[in-house]
Amino acid sequence: MALCGIGLSPSVENVEAVYLSGNLSTRLIRRSPMRFIGKPSNLNRRQCWGVRCSSARKAVSSMGSEENAQTVLLDSVEEELEHVTRFKISNFKILDCVSVGLGGRTDEVIFEAIVKDTNSPLNNTRVVLRRLTSAQAQRRGKRAIEVLKKLVRRRIMYHSYSMQVHGYISSPTSSGRVSFTLVHGYHGSFSLRHWLRQSDWLPTLEATLALDEECVRRVGDDTVGGPAVSRQLRLIRILMRDLLIGVNYLHSHGLAHTELRLENVHISPVDRHIKVGILGNAADFYENGLNSSTLDNNLDRRQMMIAFDMRCVGFMIAKMVLRELMDPFIFTKFKSFLTKGNDPSCLREFLLQFLSRNSPSGNSGLQILDRNWGAGWNLLSLLLATKPSKRVSCLDALRHPFLCGPRWRVVPSMDIIRWGLGSTAVRITEEYIYGQPQRSRLAHFIELMEMLNPNSKPKNWLELLPGKWRLLYCTGRHIGLTLRQPNARVLIGDVRLTVSRASKLNTNLSFTSEIGFKIMIGKDWPHDKTGISGKLEVNSLFRLTAGRRLYLKEEKTTGWFSMGPSNIQGSLARKLSGRKWRKAIPFKEFPSSLPAAKLASGDIEVTMNLGEPLNQNIDTAKNAVQEIRTQLPPEMFDLSKLVCGTYVDSRLLVLRGVNGSALLFTRSCDDESSGLV
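Residues numbered from 1 in each chain as written. Predicted model: local features only at pLDDT ≥ 70, side-chain atom pairs only at ≥ 80, totals over all residues. Heavy atoms only, no water.

### Some points on the overall build of the chain
- Along the backbone of the chain there are 20 helices and 22 strands.
- Put simply, of all contacts in the chain between residues at least 6 apart along the chain, 70% involve residues at least 24 apart.
- As displayed, the chain has an accessible area near 34,200 Å², and 52% of this comes from carbon and sulfur atoms. (Helix = DSSP H or I, 4+ residues; strand = E, 2+ residues; numbered from the N terminus. Contact = heavy atoms within 4.5 Å. Areas by Shrake-Rupley, 256 points an atom, 1.4 Å probe, with all protein chains shown as cover.)

If you want it as structure tokens, here you go:
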């Protein structure tokens with residue numbers, strides 16, 4: 001796609017940019033009519049009538065000094081950039097259109113041209129002329145040429161993953177300054193952002209990259225085509241692996257890109273590689289060399305710069321997978337969620353509020369990130385980690401299961417195993433089909449998570465436990481409305497547990513159980529779920545200490561819905577003895593006890609609010625409380641029945657009740673007023 005220009009004879013020195021949009025990423029550039037320079041107007045003539053001859057002689061001498069200054073300035077520029085080619089404007093045929101994907105900054109004027117120099121190896125090659133009008137822009141252009149000099153040892157890698165800087169055009173202007181135009185490669189008319197905005201971006205980009213079996217084999221895949229979700233995941237793997245290789249190439253040479261965005265990345269249809277821009281803002285890791293006095297500062301600077309680039313890569317992957325983030329309003333909310341200090345491991349809980357599920361096949365981005373035990377969400381959480389020291393490097397990201405196809409055997413780390421167990425348990429709870437097979441699987445996953453708990457010490461619990469948690473599942477009994485005739489038809493909404501720590505000087509914690517519900521009135525409640533809203537709160541104080549959870553082997557299962565410990569442990573012991581889990585579980589045999597956080601409760605306070613007109617009816621309130629107690633796990637109404645915590649991390653929480661049942665929670669996002677639902 002191109003924007004036609006004005007049909008005048010073009011000249012790079014005598015043009016100015018006109019912008020059609022305020023958005024830098026979608027800004028179109030066109031030529032404006034030329035300004036005639038050097039011919040005085042009538043007004044200037046009238047102002048010069050009273051000038052004497054002596055003044056004219058001074059003007060002539062000053063013009064000569066300006067010419068000498070310009071010559072010295074041009075010589076200094078040429079000496080500084082001697083390792084690249086200095087072109088003349090006569091070496092190019094300027095085209096009358098500019099591709100929309102080349103839109104630059106406000107201090108840049110973009111042209112497309114064809115080299116017309118028989119002595120140049122670039123003869124008849126299409127290039128981009130980027131005229132840099134401000135001093136800051138010219139510094140960026142010279143920096144791009146300086147980076148080329150640093151990367152010249154591995155020129156093939158540079159040409160594969162960066163826009164090739166061929167040279168520059170430098171000439172004096174009438175104002176006494178030097179005009180500087182950067183000459184770099186042309187790699188298609190679209191940036192990656194413009195590709196993703198196309199309605200048919202997936203098949204078009206596949207055709208541009210000419211995907212075949214050889215291409216997909218490079219990312220560990222063995223198929224071409226298939227469902228749209230598989231094709232999109234395959235394409236994301238190809239593009240992101242190529243991008244990470246290019247970024248790692250810069251990092252290995254002591255450079256940080258600092259401007260990784262979709263609009264700065266192009267895909268070359270010639271060599272089918274990602275081009276990461278012209279590197280005009282690339283920054284050095286080591287400002288003052290590697291002397292011992294500044295070594296620590298340089299190491300911190302290097303870590304911060306790599307972390308910044310990886311965060312930008314995380315934003316790019318998020319936009320490629322979740323198309324909703326291409327909306328500036330939603331992306332602003334996405335970034336706000338992270339800048340407020342929320343843990344990126346809770347991104348799924350936050351994004352579920354506004355991910356579009358109108359498609360019959362569901363949201364494709366959600367399906368991609370949920371594949372392989374939620375590996376995509378894990379990679380995003382590592383790329384967007386709040387602490388720079390926790391962010392993953394390029395090499396570790398390339399080894400991550402999300403970016404590796406099924407042909408590659410990736411040995412997952414213990415963190416990824418824990419993440420996969422938790423993600424699978426969350427996915428099962430979302431199906432709301434709690435038959436015996438699903439209940440058994442959930443019980444197995446929760447037991448495995450407890451055995452792999454990385455935060456078993458009380459200090460870890462005191463750090464991770466405070467916050468707001470949403471109840472997902474309970475291994476105890478499940479009683480609904482369908483097979484009963486209760487006095488009050490109550491539909492339970494979200495059940496949350498808020499934990500706060502009053503002081504860091506002690507281990508006291510405040511637990512608040514918040515239960516949202518609706519009381520449905522009328523006989524048509526199976527079809528009409530509207531009703532009168534209410535809220536029930538239960539408050540209690542707890543003291544957290546170290547403890548252990550004992551496995552009593554003599555207990556046996558009783559009751560149809562009971563999931564007794566002995567039944568689960570016997571099946572779990574058989575699973576752990578298999579070859580699949582033997583390497584992951586750090587126990588050779590089923591342990592008799594595991595470390596846990598012991599919870600000792602204090603007084604309990606219960607409050608309930610009902611909307612009009614039920615708030616005036618005491619009998620209705622009693623019936624509602626009775627029905628809530630029937631449907632909810634007893635531990636959420638009577639908090640004193642919570643006896644220990646067996647698993648906690650930044651995303652999931654498992655608490656055990658006095659009867660042995662487990663309650664699985666996920667951390668709830670704090671941004672409830674996002675307005676995205």
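And the narrative resumes.
### Some details on the environment of Leu-452
- Looking at the secondary structure, you find Leu-452 in the loop between helix H15 (436–451) and helix H16 (458–464).
- On a C-alpha basis, the gap between Leu-452 and Tyr-647 in space is 8.3 Å, while along the polypeptide they are 195 residues apart.

### What to know about the sheet that holds strand E16 (residues 489–500)
- Read around the closed barrel, the eight strands follow the order E15-E16-E17-E18-E19-E20-E21-E22; overall the barrel is antiparallel. On average, each strand axis in the sheet is tilted by 35° relative to the strand beside it, whichever way the strands run.
- Pairing geometry for strand E15 (residues 467–474) and strand E22 (residues 662–667), over five bridges, is antiparallel. Following the sheet pairing, Trp-469 is matched in E22 by Arg-667.
- Packing of helix H14 (residues 414–431) onto the sheet brings it into contact with E15, strand E20 (642–648), strand E21 (652–657) and E22, and relative to E15 it is tilted by some 65°.
- Lying on the sheet, helix H19 (residues 618–631) is in contact with E16, strand E17 (508–520), strand E18 (532–550) and strand E19 (593–610); it crosses E16 at an angle near 70°. (Pairing = 2+ DSSP bridges. Axes fitted to C-alpha atoms, helices over the stretch in contact; angles between N-to-C directions.)

### Concerning the pattern of salt bridges
- The final tally for this structure, using the stated rule, is 21 salt bridges.
- The shortest N-O distance in the salt bridge between Arg-130 and Glu-108 comes to 2.7 Å. Highlighted residues: Arg-130 in strand E8 (residues 126–132) and Glu-108 in strand E7 (residues 108–115), separated in sequence by 22 residues.
- Taking the relative accessible area as the measure of exposure, Arg-130 reaches 8% and is therefore buried.
- A relative accessible area of 5% means that Glu-108 is categorised as buried.
- Through salt bridges with shared partners, a single network forms among Asp-107, Glu-108, Arg-130 and Arg-140. (Salt bridge = Lys/Arg side-chain N within 4 Å of Asp/Glu carboxyl O. Buried < 20%, exposed > 50% of the residue type's maximum accessible area, 1.4 Å probe, protein only.)

### What about the packing of aromatic side chains?
- What the rule picks out here adds up to nine aromatic pairs.
- A centroid spacing of 5.6 Å and a plane angle of 15° characterise the contact between Tyr-168 and Phe-180, whose relative ring orientation is stacked. With Tyr-168 in strand E9 (residues 165–172) and Phe-180 in strand E10 (residues 178–185), the pair connects residues that are 12 residues apart, well separated along the chain. Across the pair, Phe-180 and Tyr-168 agree in class, each one buried.
- Between the aromatic rings of Phe-511 and Phe-542, the centroid separation amounts to 4.4 Å while the plane-to-plane angle is 40°, which identifies the pairing as tilted. Taken together, the residues span a long stretch of sequence, with Phe-511 in strand E17 and Phe-542 in strand E18 at a distance of 31 residues. Here Phe-511 matches Phe-542 in class, with each residue buried. (Phe/Tyr/Trp six-rings, centres within 6.5 Å; stacked < 30°, edge-to-face > 60°.)

### Thoughts on helix H10 (residues 328–339)
- Its 12 residues place the ends of H10 16 Å apart at the C-alpha level, agreeing with the 16 Å of an ideal helix rising 1.5 Å per residue.
- Immediately beyond the C-terminal end of H10, within one or two residues, lies Gly-341, with a positive phi of roughly 95°. (Expected span 1.5 Å × (residues − 1).)

### Observations regarding the packing of H14 against H15
- H15 packs onto H14 with a crossing angle of 155° between their chain directions and a minimal axis gap of 10 Å. When the axis of H14 is compared with that of H15, the two are roughly antiparallel. Crossing geometry of H14 relative to H15 is assigned as left-handed. Counting all contacts with H14, which are made through Leu-421, Gly-422, Thr-424, Ala-425, Ile-428 and Thr-429, the residues of H15 involved are Gln-438, Arg-441, Leu-442, Phe-445, Leu-448 and Met-449.
- Looking at side-chain class alone, the contact of H14 with H15 contains seven nonpolar, four polar and one charged residues. (Parallel < 35°, antiparallel > 145°, perpendicular 65-115°, else oblique. Left-handed = near helix turned anticlockwise from the far one by under 90°. Nonpolar A, V, L, I, M, F, W, Y, C, P; charged D, E, K, R; others polar.)

### Considerations on the side chain of Asn-342
- Of note, Asn-342 is situated in the loop between H10 and helix H11 (347–351).
- Polar side-chain contacts of Asn-342 include one of 2.9 Å to the backbone oxygen of Phe-337. (Polar contact = N/O pair within 3.5 Å; in protein donor to acceptor, adjacent residues only side chain to side chain.)

### Observations regarding the sheet that holds E10
- Taken in spatial order, the six strands make up an open sheet running E4-E9-E10-E8-E7-E5, and their pairing is mixed. Where the open sheet ends on each side, the last strands, each with one partner, are strand E4 (85–87) and strand E5 (92–94). Each strand of the sheet is rotated relative to its neighbour by a mean of 35°, with strand direction disregarded.
- Sheet strands touched by helix H3 (residues 135–150): E7, E8, E9 and E10. Its angle to E10, the strand with the most contacts, is close to 45°.

### A look at the confidence of the model for the chain
- Across the chain, the average pLDDT comes to 78, with 75% of residues at 70 or higher.
- Between residues 554–566, whose pLDDT stays under 50, and residues either more than four places distant or in other chains, the model counts 15 contacts.
- Predicted confidence is poor over residues 671–677, with pLDDT under 50, and the contacts of this stretch with residues over four places away or in other chains come to 13 contacts. (pLDDT = per-residue confidence, 0-100.)

### Remarks on the environment of Arg-218
- Mapped onto the secondary structure, Arg-218 falls in the loop between helix H7 (213–217) and helix H8 (228–252).
- Taking the C-alpha atoms as reference, Arg-218 lies 9.9 Å from Arg-407; in sequence the two are 189 residues apart.
- If we skip the residues at most four places from it in the chain, Arg-218 touches Arg-241 and Trp-408.

### As for the nonpolar core
- Residues Leu-192, Leu-239, Leu-243, Phe-334 and Leu-351 are the most contacted members of the largest nonpolar core, which totals 93 residues.
- Among the elements that make up this core, the one with the highest residue count is H8 (12 residues).
- Judged by nonpolar contacts, the second largest core, of 37 residues, contains Trp-469, Ala-597, Leu-610 and Phe-665. (Core = buried A, V, L, I, M, F, W, Y, C linked by side-chain atoms within 4.5 Å.)

### Regarding the pairing of E16
- Relative to E16, E15 runs antiparallel, the two sharing four bridges. Bridging from a neighbouring strand, Lys-468 pairs with Thr-498 of E16.
- Pairing analysis gives 10 bridges linking E16 to E17, with the strands arranged antiparallel. In the strand pairing of E17, Ile-492 is matched with Phe-517.

### Brief notes about the side chain of Arg-143
- Within the element layout of this structure, Arg-143 appears in helix H3.
- Residue Arg-143 is classed as buried on the basis of its relative accessible area, which comes to 12%.
- When residues no more than four places from it in sequence are discounted, the contact partners of Arg-143 are Lys-150, Leu-255, Leu-279, Gly-280, Ala-282, Ala-283 and Asp-284.

### Thoughts on the packing of H8 against helix H12 (residues 364–383)
- Between H8 and H12, the least distance of the axes is 10 Å, while the angle of their chain directions is 70°. Comparing the axis directions of H8 and H12 gives the class roughly perpendicular. Here Val-229, Ser-230, Gln-232, Leu-233, Ile-236 and Arg-237 of H8 lie close against H12, whose contacting residues are Ser-364, Gln-367, Ile-368, Arg-371 and Asn-372.
- Along the lines of polarity and charge, the residues of the contact of H8 with H12 split into four nonpolar, five polar and two charged.

### Here's the deal with unusual backbone geometry
- With a phi angle near 60°, Arg-272 is a residue other than glycine that sits in the positive phi range.
- Looking at the secondary structure, you find Arg-272 in the loop between strand E12 (266–267) and strand E13 (274–275).
- On the accessibility criterion, Arg-272 (31% relative accessible area) is partly exposed.
- A positive phi angle is found at Trp-373, which is not glycine, with a value near 65°.
- Along the chain, Trp-373 falls in helix H12.

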